Amino acid sequence: MIQILIFGVMLTCAVLPFLLLTRLMRTGQSGLALTISSVIGATLVIFIYASGRPFGIDPIFAMGAAMLVCVPALLGSVSGALLGWLLRRRDDSEI
């Protein structure tokens, strides 16, 4: 049962940024899309740093949050931004 819950959390964390950044890049709001990806990446780096240093966050929680939430979100946002950019290029070339 816990495996289904973990898979659902990871899938949700990947799909939401994918859809959001695809829409943002397709409408031409690349600055906001880059900001969202940067925030997700910075959160990942903070959690990885906190897992190896006495930082005030439990190292198990930090590594778990990094691997279960931040990595799928970063992969989803990057792939969504790429798809949105490709769709934008296709739309611009048809005109």
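Reference entry: report on the structure contained in this document. (Residues numbered from 1 in each chain as written. Predicted model: local features only at pLDDT ≥ 70, side-chain atom pairs only at ≥ 80, totals over all residues. Heavy atoms only, no water.)

1. Some words on the nonpolar core
The nonpolar side chains of a soluble globular protein tend to be buried, and buried together.
Line of reasoning, step 1. Core analysis: the largest hydrophobic core is formed by 7 residues, namely Leu44, Phe47, Ala50, Ala62, Ala65, Ala66 and Cys70.
Line of reasoning, step 2. At the level of elements, helix H2 (30-52) and helix H3 (59-94) are the ones that each hand at least two residues to this core.
Line of reasoning, step 3. In terms of residue count, the dominant contributor to this core is H3 (4 residues).
Line of reasoning, step 4. In terms of nonpolar packing, the next biggest core, distinct from the first, is built from 5 residues, Leu21, Leu24, Met25 and Ala81 among them. (Core = buried A, V, L, I, M, F, W, Y, C linked by side-chain atoms within 4.5 Å. Buried < 20%, exposed > 50% of the residue type's maximum accessible area, 1.4 Å probe, protein only. Helix = DSSP H or I, 4+ residues; strand = E, 2+ residues; numbered from the N terminus.)

2. Re the environment of Ala33
Line of reasoning, step 1. Of note, Ala33 is situated in helix H2.
Line of reasoning, step 2. Between the C-alpha atom of Ala33 and that of Leu21, which follows or precedes it by 12 residues, the distance is 5.7 Å.
Line of reasoning, step 3. When sequence neighbours within four positions are dropped, the list of residues in contact with Ala33 reads Leu21, Leu24 and Met25. (Contact = heavy atoms within 4.5 Å.)

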